[in-house]
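What the coordinates show
Here is what each chain is made of, one letter per residue.
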Amino acid sequence: MKTKKFTILHSNDMHGDFLAEVSGEKGKLIGGLALLSGYINQVRKEEENVFYVISGDMVQGSLIDAEYKGISTMEIMNYLAPDVVALGNHEFDYGLPHLLFLEKMANFPIVNANLYIKKYNKRLMNPYLIVKKAGFDFLFTGIITEKVMDSISLDKTVGSFITLEEASQEIGKICNAYKKDDIDLTVILTHIGFESDVALAKMLKPEWGVDLMIGGHSHTVLEKPEKVNNILITQAGVGSDQIGRYDITVDDDTNSIVDYRWQLIPIDENLAKPDKKLEEFINSFKDEVDRKYQTIICKFSEELTHPEREVETTLGNLIADAMAESAECDVMLVGSGSIRIKKMGPVVTLKDLLACFPYDDSLSRYQIKGKQLKRIFNHVMRAENRNGEGECYQINNKVKAVYSEKDKKLISLSIENKPVEDQKDYTVCLQGYHFNKAQDFLAVSQEEFLALGKNKVVTTSAQEVLEEFLRNNQNIDRKIEDRLVYKK
């Protein structure tokens, strides 16, 4: 039996999490790319055969990334030198032409098997990569699905075979065409969310010989790999505070894993020395951003937080209230994923605001019936939507919604303490992105939102609304007020 040991390090959803943070009672430094790079460098020195892979969403989520439209991120990723990377949905945030520019900047291969240029039925990216290491051959491919590709679904030029079923067929094409006898290990880098990884793994034929599925998008933290259809599935949370690590033994004769160990490694100053050169490089971007945006715009009474997307948060309450005040609406629905940091304040700078709410968008007000409003809340509050992959919302202080987990339905919805009536008209304000995906996200179509003919663009810049609100309101406070209630 001819076997060889390999180490696969993997990250996902890094979202511009470049800088280390102080955490814990002893003020220990955790995360940040300098410490992460230090650990990767250490493993590359200690182990003979090492891969480092990233499963999408390198960009977006920090002011350093937004200021340079991902160019800074690509330069920093070049420093980390991953062996292969898959696309995530946020790689498209700056537009398709810009993504193609970023791909040309990358000194590492980016793979995706199932995004196509519709007119020519031609893949957008390199569909696979075969890497030879220590006499063994590794096949990598990347997958993304319609469920997370909201921005690209609006682009008429680029489409995809991107349902789960079609994604499985694309994996089959790659494996059937390129998985020859000399391919020892087949790795799928996905950016579809953990539950979808499990569903996809069940669809793959054993004959295709997929060994590992390394995922992203749902920010899932695992204690051990999930094994489905003889495929090991992992993910490494979000950001740079941790990294996934496989230590595997591969058999060249059977093209299979005969032994493995997987760990989710916390990245902190006790693990490895920071990569000082990378730290200096990141700081060169940070200094430019700080000079431009480090101006104080307001002060909160206390720190406000947004620890989870799926529940009501104090920071989410503030942002929903600010937008509702501008829109003069009954209901403000703010996409929880629009809020990109877990805490802000008490002192708030312009830099903090832009890091918190990096996706600028329009706000528009619509008039709909109460029965449609109930349908919206029944849809967004259901358990299946609160799994890390759905689209959840923060709401303004006029609204209270109560959902029964047991009965799986909305049991009450009120505005200013008055029950919502089915045939009464109510005003709802949405971000442009969420209106464009209204049927999927809210279970109410664009046509229904426009049917009463009383729609209005409130602002073309939600960011500017938030900035003006904060500048004109000092010592702001928000509490959890049971705006969204889930009864067991």
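Anyway, here's the lowdown on the structure attached to this text. (Residues numbered from 1 in each chain as written. Predicted model: local features only at pLDDT ≥ 70, side-chain atom pairs only at ≥ 80, totals over all residues. Heavy atoms only, no water.)

**Things to note about empty space enclosed by the protein**
Here the structure, examined in full by the defined rule, presents two cavities of 30 Å³ or more. Its boundaries defined by the atoms lining it, the largest cavity holds a volume of some 70 Å³. What lines the largest cavity is simply Arg309, Glu310, Leu333, Phe377, Val380, Met381, Arg386, Cys392, Tyr393, Ile395, Leu484 and Tyr486. Elements with a minimum of two residues in the lining of the largest cavity: helix H11 (370-380), strand E24 (393-395) and strand E30 (484-487). Taken as a whole, the second largest cavity spans an internal volume of roughly 50 Å³. Around the second largest cavity, the lining residues are Leu315, Leu318, Ile319, Ala322, Met344, Leu353, Leu466, Phe469 and Leu470. When contributions to the lining of the second largest cavity are tallied by element, the ones reaching two or more residues are helix H9 (314-327) and helix H15 (462-471). Residue contributions to the lining of the second largest cavity peak at four residues, all from H9. The residue inventory of the lining of the second largest cavity, partitioned by class, reads nine nonpolar, no polar and no charged. (1 Å grid on protein atoms, 1.4 Å probe; cavity = no way out; pocket = protein on both sides within 12 Å on 5 of 7 lines; lining within 4 Å. Points joined across faces, edges and corners; volume = space filled by probe spheres on them. Helix = DSSP H or I, 4+ residues; strand = E, 2+ residues; numbered from the N terminus. Nonpolar A, V, L, I, M, F, W, Y, C, P; charged D, E, K, R; others polar.)

**Description of the pattern of salt bridges**
Opposite charge on two side chains permits pairing when their charged atoms draw close. As enumerated under the stated definition, the model contains 22 salt bridges in all. Among the ionic pairs, Asp422 bridges to Lys374, the shortest N-O distance being 2.8 Å. Highlighted residues: Asp422 in the loop between strand E27 (418-419) and strand E28 (425-431) and Lys374 in helix H11, separated in sequence by 48 residues. A salt bridge links Arg471 to Glu467; the nearest nitrogen and oxygen atoms lie 2.9 Å apart. Residue Arg471 and its partner Glu467 are both found in helix H15; the two are separated by four residues, about one turn of the helix. Given a relative accessible area of 19%, Glu467 falls into the buried group. Connected through shared salt-bridge partners, Asp321, Arg478, Glu481 and Arg483 make up one network. (Salt bridge = Lys/Arg side-chain N within 4 Å of Asp/Glu carboxyl O. Buried < 20%, exposed > 50% of the residue type's maximum accessible area, 1.4 Å probe, protein only.)

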